[in-house]
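As a plain string of letters, each chain reads:
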Amino acid sequence: EAQVTQNPRYLITVTGKKLTVTCSQNMNHEYMSWYRQDPGLGLRQIYYSMNVEVTDKGDVPEGYKVSRKEKRNFPLILESPSPNQTSLYFCASSSTQGSRETQYFGPGTRLLVL
Amino acid sequence: AQKITQTQPGMFVQEKEAVTLDCTYDTSDPSYGLFWYKQPSSGEMIFLIYQGSYDQQNATEGRYSLNFQKARKSANLVISASQLGDSAMYFCAMRVSWGGADGLTFGKGTHLIIQP
């Protein structure tokens, strides 16, 4: 089954404690990205990756890092989380077949930073 | 910069009726893609339908169709014969730059509630 997986699904942590949210896709997609969703602000892109070892900033990259060492994995790293990073996070990967494109989203990770 | 506008924060619709969710977009790029996603209360983002800017026909996927009016820059989602399970948040999104480099720009969403 084609899917994007994220772990953990729920996480409560404290300010300053480094954490990593993993993301993996089994569709051999080149493009992957991270979004955060906040009430009243909608979904905003954090980082994206066009391929292995190619990453770039989205709209709200401050406080986040990413890496893309393998095609299937795209972890999101919070080196020193702060309460304003409390949010719902989505990983996504996309494919293009001819003129048709689909962006697949992971199930989401709910993060609470105390 | 690109922008997506969804003017309906919430809608109540009777079961079995058709629903139209509005979406207008703004971009100067001639090549773009438009998406609709459904987000139920459980939180996952479910892809519904896609329309490319050069597609001649409106996209359809089962009960979902996209009313694409390019000159008016609108991409409304039509759900035929609504069901109770259609109650959810619905997001319109746009991507410019083929290859996905710019990611998706999302609207603020419409909260659809289907009443029995």
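See above for the structure.
It should be emphasised that the depicted structure is a prediction, and the values quoted were computed from it without experimental measurement. In this numbering scheme, every chain counts its residues from 1 along its sequence in written order. Chains carry letters and ligands carry numbers; both start at the beginning, A for chains and 1 for ligands, and go up in the order they are written. Local features are withheld for residues below a pLDDT of 70 in this predicted model, meaning they are given only at 70 or higher, and side-chain atom pairs are given and counted only at 80 or more; totals for whole chains, interfaces and linings count all residues. Values shown for side chains rest on all heavy atoms present in the structure; no hydrogens or waters enter the calculation.

1. With respect to the sheet that holds strand β7 (residues 65-66) of chain A
All names here are of chain A.
For step 1, the next point in the chain: The four strands are arranged β1-β3-β8-β7 in an open sheet whose pairing can be described as antiparallel. Two strands close off the open sheet at either side, each with one partner strand: β1 (4-7) and β7.
For step 2, the next point in the chain: Two strands make a pair as long as DSSP finds a minimum of two bridges between them. Strands are runs of DSSP state E lasting at least 2 residues, helices are runs of H or I lasting at least 4, and numbering of each runs from the N terminus. Here strand β3 (residues 19-25) runs beside strand β8 (residues 76-78); their pairing, made up of three bridges, is antiparallel. Residue pairing for β8: L19 is matched across the bridge by L78.

2. Some words on the pairing of strand β6 (residues 54-57) of chain A
For step 1, the next point in the chain: Two strands pair when backbone bridges link them, and strand β5 (residues 42-51) of chain A and β6 of chain A are joined in this way by four bridges, in the antiparallel orientation. Paired with Y48 of chain A across the two strands is D56 of chain A, which belongs to β6 of chain A.

3. Some thoughts on the interface of chain A and chain B
For step 1, the next point in the chain: The contact definition used throughout considers only heavy atoms, calling two residues in contact when any of these lie within 4.5 Å. In this assembly, 20 residues from chain A lie in contact with 23 residues from chain B.
For step 2, the next point in the chain: A buried area of about 1800 Å², summed over both sides, lies between chain A and chain B, and 53% of it is on carbon and sulfur atoms.
For step 3, the next point in the chain: By buried area we mean how much accessible surface two parts lose on assembly, using a 1.4 Å probe and totalling the loss over both. For chain A, the biggest contributors to the area lost against chain B are L43, E101 and F105 of chain A; these three give 29% of the whole.
For step 4, the next point in the chain: Within 3.5 Å is the distance limit for a polar contact, defined as a pair of N or O atoms, with the added protein rule that one can donate a hydrogen and the other accept it, and that residues adjacent in sequence qualify only through two side-chain atoms. Viewed at the interface, chain B and chain A are joined by four residue pairs in polar contact (both at pLDDT 80 or more).
For step 5, the next point in the chain: For the side of chain A that touches chain B, the secondary-structure elements that each account for two or more residues are β4 (31-38), β5, β9 (87-97) and β10 (100-105) of chain A.

4. A closer look at unusual backbone geometry
For step 1, the next point in the chain: The linkage connecting N7 of chain A with the following residue, P8 of chain A, adopts the cis geometry, with an omega of -5 degrees.
For step 2, the next point in the chain: Although it is not a glycine, K16 of chain B sits at a positive phi angle of roughly 80 degrees.
For step 3, the next point in the chain: Examined against the element boundaries, K16 of chain B turns out to sit in the loop between β2 (10-14) and β3 (19-21).
For step 4, the next point in the chain: Burial classes follow relative accessibility: with a 1.4 Å probe on protein chains only, a residue under 20% of its type's maximum area counts as buried, one over 50% as exposed, and anything between as partly exposed. By relative accessible area, which is 64% here, K16 of chain B ends up exposed.
For step 5, the next point in the chain: Its identity as a non-glycine residue notwithstanding, K73 of chain B has a phi of 55 degrees, on the positive side.
For step 6, the next point in the chain: Looking at the element boundaries, K73 of chain B is found in the loop between β8 (64-69) and β9 (74-79).
For step 7, the next point in the chain: Taking the relative accessible area as the measure of exposure, K73 of chain B reaches 29% and is therefore partly exposed.

5. Quick look at the pattern of salt bridges
For step 1, the next point in the chain: One speaks of a salt bridge when a side-chain nitrogen belonging to Lys or Arg is within 4 Å of a carboxyl oxygen belonging to Asp or Glu. Applying the stated criterion across every chain yields a total of six salt bridges over all chains.
For step 2, the next point in the chain: Across the pair R36 of chain A and D38 of chain A runs a salt bridge, and its minimum N-O distance is 2.8 Å.
For step 3, the next point in the chain: On the accessibility criterion, R36 of chain A (9% relative accessible area) is buried.
For step 4, the next point in the chain: Among the residues examined, D38 of chain A registers a relative accessible area of 10% and is labelled buried.
For step 5, the next point in the chain: One salt bridge in this structure joins K73 of chain B and D26 of chain B, with 3.6 Å as the shortest N-O distance. With K73 of chain B in the loop between β8 and β9 and D26 of chain B in strand β4 (residues 24-26), this residue pair connects regions lying 47 residues apart in the sequence.
For step 6, the next point in the chain: The exposure class assigned to D26 of chain B is partly exposed, which follows from its relative accessible area of 40%.
For step 7, the next point in the chain: Salt bridges linked by common partners bring K18, K65 and E79 of chain A together as one network.

6. Let's talk about the environment of T20 of chain A
Residues and elements named next belong to chain A.
For step 1, the next point in the chain: One can find T20 in strand β3.
For step 2, the next point in the chain: Using a relative accessible area of 37% as the deciding quantity, one classes T20 as partly exposed.
For step 3, the next point in the chain: Separated by 18 residues in sequence, T20 and A2 have C-alpha atoms that sit 23 Å apart.
For step 4, the next point in the chain: For T20, the contacting residues outside a window of four places in its chain are N7, P8, P75, L76 and I77.

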